[in-house]
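# Notes for the structure review
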Amino acid sequence: MDKLVIEGGKPLSGTIVIQGAKNAALPILAASLLAEGTTTIDSVPHLLDIDVMLNILRELGCRAEHTGETVVLDTTSAHTSHVPETLMKQMRSSIFLMGPLLARFGEAQVYQPGGCAIGERKIDLHLQGLAALGAEIEEANNRIICRASKLTGADIHLSFPSVGATENIMMAAVLAEGRTTISNAAREPEIQDLQRFLNTMGAKIMGAGTDTITIDGVKELAPCRYKVIPDRIVTGTIMVAAAATRGQVTLQQTQPAHLSSLIHVMRRAGVQIVVDGDIIKVGSSARPKAVERIVTSPYPAFPTDLQSQIMVLLALADGVSILKETIFEGRLKHVDELSRMGADIRVDMNAAFIRGVPRLYGATVEATDLRAGAALVIAGLAAQGRTIVEQVHHIDRGYDRIETMLSRLGARISRFAPVPHMPNN
Ligand SMILES: CC(=O)N[C@H]1[C@@H](OP(=O)(O)OP(=O)(O)OC[C@H]2O[C@@H](n3ccc(=O)[nH]c3=O)[C@H](O)[C@@H]2O)O[C@H](CO)[C@@H](O)[C@@H]1O
Ligand SMILES: C=C(OP(=O)(O)O)C(=O)O
């Protein structure tokens, strides 16, 4: 397992171009299955999750090449609706195959998806949505089989605005007969990106970005070329890293409108942020101020995917902050690791009470999930001394070579891969 070794205490400085969004690219790649032929997707980052998605698509019979930031995907010879269990287990986003497979083949044979251990992460809302469109669903042990000789539009109300369920239902409903309306839909920017992509393929979807999405089914979709939006969570991670190290960083090719809640919180913490078109400049020279209360909630509120990163800034702030996680019940595991670095944080139920300390100290810590890992990297950059972050594969799910990106900003960070064992003879 790779490790990151960080010599902390150096302010980040320089300019960085933000990668395409993992959480937009993954459903878009799955949705490409809906059209027969060659679709080209630009701005696709090199991530473990993207590799897994491309391997699943290959297993289904597609041809997929990822060169530079572009994926060329030929879905013509896709021939099976069965996603192997081993690939399903490698990430949560494997569940995105369910809607497109059902719409294209009238059947999807999948398994409970895997992914980071941040909560129970049920898929009941995905299944209820597909059932409302006419799918028959069989569940036995870990296996899920959805079948529908015909999908028919329906009015679907989500009891919670689940991002993945909204996307799966959109992807199944595009080829259904008639109109589907999703109410209490998730409003995340990645849903708007999926709508734009599907409409570029010839779908008729309106309303993404609001809580009501209307999908008028079409007979078929055509392949297209499409560019994925910038990754708002990677943008946010670098913004927090710049502030925590008291550096000056310019982030290019961002979508600042997608980060309003983070910008608001960081400004309350005393960080200077200048927005100019698609550029965000972050600068900080003083100790951050505590922020009384931050609550993670569905977009446009503060994102759960930036909760662990902002905690590092608050751990260094002057005063006491409260950070409440309402989306995933198991997403405060980084607290123990940050405490090993000198942070003073107490957890009560789903709330972290953070008493800021003047400095953190390097330690050997373990990335327990993707964003927890990113937070530990930020903590290591800001800390005095050497930090070793273990279980880096979690971070590789969402950051395209994080050490290369941070080295460009002057960070002292290197990756160490285990030396392969050489037999004596
Ligand atoms: C690939 C991707 O886009 N991942 C994002 C997506 O995950 P994901 O789509 O899995 O997140 P959801 O919005 O579905 O989940 C939010 C909450 O709803 C619950 N739930 C969800 C579905 C369901 O059928 N039943 C159910 O109870 C989950 O357990 C969780 O507590 O949105 C999350 C919330 O913004 C982000 O943290 C993830 O980075
Ligand atoms: C939780 C995340 O991703 P996933 O839904 O793919 O596990 C994330 O991106 O922070």
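In this text the structure is predicted, and so the values were computed from the model without any measurement. Numbering of residues starts from 1 in every chain and runs along the sequence as written. To read the labels, note that chains go from A and ligands from 1, taken in the order they are written. Totals for whole chains, interfaces and linings use every residue, but because this is a predicted model, local features are given only for residues with pLDDT of at least 70 and side-chain atom pairs only at 80 or more, for both listing and counting.

Secondary structure elements are defined from DSSP: runs of H or I of at least 4 residues count as helices, runs of E of at least 2 residues count as strands, and each element is numbered from the N terminus. In this fold, L133 is placed in the loop between helix 5 (124-132) and strand 7 (136-140). With 27 C-beta atoms counted inside 10 Å, the residue L133 sits in the buried group. Expressed as a C-alpha distance, the spacing of L133 and I156, which sit 23 residues apart in the sequence, is 8.7 Å. Contact between two residues is assigned whenever their backbone-derived C-beta positions fall within 7 Å. Leave out the neighbours within four places in its chain, and L133 touches L151, T152, A154, A172, A173, A176 and T180. Each residue is classed by its C-beta neighbour count within 10 Å, where at least 20 other C-beta atoms makes it buried, 12 or fewer makes it exposed, and intermediate counts make it partly exposed; the C-beta atoms are placed from backbone geometry.

Near residues are defined by distance alone, with the backbone-placed C-beta atom required to lie within 6 Å of the molecule or strand. Taken together, N23, M91, R92, S93, G115, C116, D305, L370, R371 and G398 make up all the residues around ligand 2. Residues are grouped as follows: Ala, Val, Leu, Ile, Met, Phe, Trp, Tyr, Cys and Pro are nonpolar; Asp, Glu, Lys and Arg are charged; all remaining types, including Gly, are polar. When grouped by side-chain class, the residues that make up the shell around ligand 2 number 3 nonpolar, 4 polar and 3 charged. Two domains each provide a minimum of three residues to the shell around ligand 2, namely domain 1 (3-19 + 230-416) and domain 2 (22-227). Domain ranges listed in this record stem from an automatic or a database domain assignment.

Time to look at the UniProt feature "binding site: UDP-N-acetyl-alpha-D-glucosamine" (unreviewed entry) in the chain. UniProt positions are given in the numbering used here, feature names are shortened, and annotations may be inferred rather than shown by experiment. Mapped onto this numbering, the UniProt entry annotates "binding site: UDP-N-acetyl-alpha-D-glucosamine" (unreviewed entry) at R92, D305 and I327. Relative to the elements of secondary structure, R92 occurs in the loop between helix 3 (85-88) and helix 4 (98-105). Here D305 is to be found in the loop between strand 17 (293-295) and helix 10 (307-315). Look at D305 and you get buried, because 25 C-beta atoms sit within 10 Å. In this view, D305 contacts I233 and R371; residues no more than four positions away in its chain are not counted.

Strand pairs in the sheet, formed through backbone hydrogen bonds, run parallel or antiparallel to each other. For two strands to be treated as a pair, DSSP must find at least two bridges joining them. In space, the 4 strands of this open sheet follow the order 4-5-3-13, with mixed pairing throughout. Of all strands in the sheet, those bounded by a partner on one side alone are strand 4 (63-67) and strand 13 (225-227). Averaged over all neighbouring strand pairs, the angle between strand axes comes to 15 degrees, with direction disregarded. Alignment of strand 3 (residues 38-42) against strand 5 (residues 70-74), held across 4 bridges, turns out to be antiparallel. Residue pairing for strand 5: T39 is matched across the bridge by L73. Throughout, an axis means a line fitted to C-alpha atoms (over the contacting stretch in the case of helices), and angles, computed between N-to-C directions, take values from 0 to 180 degrees. Contacts from helix 1 (residues 22-31) reach strand 3, strand 5 and strand 13 within the one sheet, and its direction differs from that of strand 3 by about 175 degrees. Sheet strands in contact with helix 2 (residues 48-59) are strand 4 and strand 5, and its direction is about 155 degrees off that of strand 4.

One can read the domain layout of the chain as domain 1 (3-19 + 230-416) and domain 2 (22-227). Inter-centroid distance (C-alpha atoms) of domain 1 to domain 2 is 30 Å. Across the contact, 20 residues belong to domain 1 and 17 residues belong to domain 2. Sort the elements by how many residues they give to the side of domain 1 that touches domain 2 and helix 13 (residues 393-396) lands first, with 3 residues. Looking at the side of domain 1 that touches domain 2 residue by residue, the class counts come to 5 nonpolar, 7 polar and 8 charged.

With mixed pairing, the 4 strands of this open sheet are ordered in space as 9-10-12-11. One side of each edge strand has no neighbouring strand; the edge strands of this open sheet are strand 9 (155-157) and strand 11 (204-206). Mean inter-strand twist for the sheet, computed between neighbouring axes without regard to direction, equals 15 degrees. Of the strands in this sheet, strand 9, strand 10 (179-183), strand 11 and strand 12 (212-216) are in contact with helix 6 (residues 163-173), which crosses strand 12 at around 20 degrees.

Before going further, it helps to spend a moment on unusual backbone geometry. Of the consecutive residues Y299 and P300, the connecting peptide bond is found in the cis state with omega at 10 degrees. Within the secondary structure, P300 is located in the loop between strand 17 and helix 10. The phi dihedral of R121 falls on the positive side, at around 55 degrees, and the residue is not glycine. By the secondary structure assignment, R121 is in the loop between strand 6 (107-111) and helix 5.

Let us look at the confidence of the model for the chain. The predicted model of the chain has a mean per-residue pLDDT of 97, with 99% of residues at 70 or higher. For this predicted complex, the interface confidence comes out at an ipTM of 0.99, alongside a pTM of 0.97. Scored from 0 to 100, pLDDT reflects the predictor's confidence in each residue.

Per the UniProt record, "domain: Enolpyruvate transferase" (unreviewed entry) is found at residues 7-404. Along residues 7-404 the backbone is 31% helical and 24% strand, and the end-to-end C-alpha distance reaches 15 Å.

Side chains of strand 3 alternate between two faces, with T39 and I41 buried and T38, T40 and D42 left unburied. With 3 bridges connecting them, strand 3 and strand 13 associate as parallel partners. The residue of strand 13 that forms the bridge with D42 is K227.

With that out of the way, let us pick up the site of ligand 1. Taken together, the neighbourhood of ligand 1 is formed by 23 residues, with N23, L125, S162, V163 and G164 sitting nearest. Listed by contribution, the elements that provide at least two residues to the shell around ligand 1 are helix 1, helix 5 and helix 6. Taken together, the residues that form the shell around ligand 1 break down as 9 nonpolar, 7 polar and 7 charged.

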